[in-house]
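Results of the structural survey
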Amino acid sequence: MAGTRRHGAGRGRPTLEEVAARAGVGRGTVSRVINGSPRVSDRTRTAVEQAVAELGYVPNRVARALAANRADAVALVIPEPETRLFAEPYFSDIIRGVGAELADTDLQLLLTLIRTPKERQRLADYLSAHRVDGVLLVSVHADDPLPDLLERIEMPAVLSGRRSAHESVPYVDSDNTGGAQSAVEHLIGRGRSTVATITGPLDMYVAQCRLEGYGAAVRAAGREVEPELVASADFTEEGGRRAMRQLLDQRPDLDGVFAASDVMAAGARQVLRESGRRVPDDVALVGFEDSAVARHMDPPLTSVRQATEEMGRAMVRVLLEEIEGLSDRTSKRPQMVLPTQLVRRESS
């Protein structure tokens, strides 16, 4: 019958006003129901929902976003060059987790790389105009001004990791200190007497924590942390190669290495092989992340597993709470530290 048919194909999209007329309520009431407002009676909500179904009304997301002063988008910001983005499984796992958690929402994901000061300034201007509803920030260095900017403009944000032990911005992190300590304790427990470490860039708190875990395990075994057994790198494969050469020059007698990432461990393994050292017979090797790199190395790499994809998912959950104002900004901000686990393989 014409009176109960869905809106005809030739008449264009049903409007909010037509839904209101069909339900016998005002336009504002329909808007409140569509946006999930609790300030509507069950009877009225049912009437509006029935009118929406009968007319085949589809809300205009752009109009809804404008009315709510929302962009319906979040930015995933990675202040690293694309060479690192595509070379390191950490970033792809974070992106996979973020995308999976956002899949059931109406939010668009904008991926932004920052490689130059000009790009950083352009992003700062973009974010200051509130063209996104929130920001997920990955790979944070201690001197990065972006977290402070986000706080200043009151932009909901969540960090992957943190800048220091006193981070004020909400974050999701891994137990980097405990994971590193378990890796080095494993090497010492396997009878290795001269254990070195390859750190990440020490302007990143994650690298500081993994170095701290190394030191804690060494001291717990009654040994001193020797400077010539510590070489800093940058979480890249080439950085791992350079650091491994440095360590072999300084301490050719080393028999164990903890690399603060699987990618750096892969670089270290190449140098050990070139120098005629067998893994694990001459030098035992352990990484951190338990990425695909670890599983595909020869021999397969013992590594500290961190739930990187789950970190991405958790970051989204925290950000959505921040966007919806569910977190009390006057109280302690959301801070989440996920556990790690040592996965033993043939390299150690």
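Everything in this summary refers to the structure shown in the same document.

What counts, and where the lines are drawn
Residues numbered from 1 in each chain as written. Predicted model: local features only at pLDDT ≥ 70, side-chain atom pairs only at ≥ 80, totals over all residues. Heavy atoms only, no water. Pairing = 2+ DSSP bridges. Helix = DSSP H or I, 4+ residues; strand = E, 2+ residues; numbered from the N terminus. Axes fitted to C-alpha atoms, helices over the stretch in contact; angles between N-to-C directions. Buried < 20%, exposed > 50% of the residue type's maximum accessible area, 1.4 Å probe, protein only. Contact = heavy atoms within 4.5 Å. Expected span 1.5 Å × (residues − 1). Salt bridge = Lys/Arg side-chain N within 4 Å of Asp/Glu carboxyl O. Core = buried A, V, L, I, M, F, W, Y, C linked by side-chain atoms within 4.5 Å. Parallel < 35°, antiparallel > 145°, perpendicular 65-115°, else oblique. Left-handed = near helix turned anticlockwise from the far one by under 90°. Nonpolar A, V, L, I, M, F, W, Y, C, P; charged D, E, K, R; others polar. Phe/Tyr/Trp six-rings, centres within 6.5 Å; stacked < 30°, edge-to-face > 60°. Lys NZ or Arg CZ within 6 Å of the ring centre and 35° of its normal.

What follows deals with the sheet that holds strand β5 (residues 171–174). Strand order in the open sheet made by the six strands is β2-β1-β3-β4-β5-β11, with parallel pairing throughout. The two strands at the open ends of the sheet, each matched to only one other strand, are β2 (108–113) and β11 (335–338). Between one strand axis and the next, the sheet turns through 15° on average, direction left out of account. In terms of strand pairing, strand β1 (residues 73–78) meets β2 through six bridges, oriented parallel. Bridged to Leu76 within β2 is Leu111.

With that settled, the discussion passes to the pairing of strand β4 (residues 157–160). Remember that side chains alternate between the two faces of the sheet whenever the strand is regular. Every second residue of β4 is oriented toward a common face, with Ala157 and Leu159 on one face and Val158 and Ser160 on the other, all of them buried. In this structure, strand β3 (residues 134–138) lies alongside β4, joined through four bridges in parallel fashion. Of the residues in β4, the one forming a bridge with Val135 is Ala157. With two bridges joining them, β4 and β5 adopt parallel strand pairing. Within the sheet, the bridge partner assigned to Ser160 lies in β5 and is Val172.

It is worth spelling out the sheet that holds strand β10 (residues 302–306) at this point. Judged by pairing direction, the sheet is mixed, and its six strands sit side by side in the order β7-β6-β8-β9-β10-β12 without closing on themselves. Either end of the sheet is taken by a strand with one partner, and the two such strands are β7 (230–232) and β12 (340–343). Across this sheet, the average inter-strand angle for adjacent strands is 15°, counted without regard to direction. Both strand β6 (residues 195–199) and β7 contribute to a ladder of three bridges, which runs parallel. Directly across from Ile198, in β7, lies its bridge partner Ala231. Lying on the sheet, helix α9 (residues 176–189) is in contact with β6, β8 (256–259), β9 (284–289), β10 and β12; it crosses β9 at an angle near 165°.

Turning to unusual backbone geometry, a few remarks are in order. The omega torsion of the bond from Val279 to Pro280 falls at 5°, within 30 degrees of zero and hence cis. Topologically, Pro280 is positioned in the loop between α12 (262–274) and β9. Each neighbour pair has its own omega, and for Asp298 with Pro299 the value is 0°, a cis peptide bond. Relative to the helices and strands, Pro299 resides in the loop between α13 (292–296) and β10. Positive phi values are uncommon outside glycine, yet Ser139 reaches one of about 65°. By secondary structure assignment, the location of Ser139 is in the loop between β3 and α8 (146–152).

With 16 residues, helix α10 (residues 205–220) extends 22 Å between its outermost C-alpha atoms, agreeing within 8% with the 22 Å of an ideal straight helix rising 1.5 Å per residue. For α10, every residue scored as buried is listed here: Tyr205, Ala207, Cys209, Arg210, Gly213, Tyr214, Gly215, Ala217 and Val218. Residues of α10 that are buried in the fold lie against α9, β6, β7, β8, β9 and β10.

Turning our attention to the pattern of salt bridges. By the definition in use, this model includes 25 salt bridges. Here Arg241 and Glu238 are joined by a salt bridge, their closest N and O atoms 2.8 Å apart. Of this pair, Arg241 and Glu238 both sit in helix α11 (residues 237–250), three residues apart, which is roughly one turn of that helix. One continuous salt-bridge network, built from bridges that share partners, spans Asp234, Glu237, Glu238, Arg241 and Arg242.

Membership of the largest hydrophobic core comes to 43 residues, with the highest contact counts inside it found for Val184, Ile198, Met244, Leu254, Val257, Phe258 and Leu285. At six residues, the largest contribution of residues to this core is made by α12. Leu85, Leu102, Leu107 and Val318 belong to the second-largest nonpolar core, a separate cluster that totals 23 residues.

With that out of the way, let us pick up the packing of helix α1 (residues 16–23) against helix α3 (residues 42–55). Axis separation between α1 and α3 bottoms out at 8 Å; the angle between their running directions is 120°. Relative to α3, the element α1 is oriented oblique. The two elements α1 and α3 cross, and the hand of that crossing is right-handed. Facing α1, whose interface residues are Glu18, Val19, Arg22 and Ala23, α3 presents Ala47, Val48, Ala51, Val52, Glu54 and Leu55. For the contact of α1 with α3, the per-class residue count stands at seven nonpolar, no polar and three charged.

With respect to the secondary-structure elements, Pro145 resides in the loop between β3 and α8. With 25 residues separating them in the primary sequence, Pro145 and Arg120 have C-alpha atoms 9.4 Å apart.

What follows concerns the packing of aromatic side chains. Evaluated as defined, the whole model comprises two aromatic pairs. Ring geometry for Tyr90 and Phe91: centres 5.5 Å apart, planes at 80°, overall edge-to-face. A cation over an aromatic ring shows up here: Arg210 above the ring of Phe288, its NZ or CZ 3.7 Å from the ring centre.

By themselves, these observations are geometric and do not establish any function.
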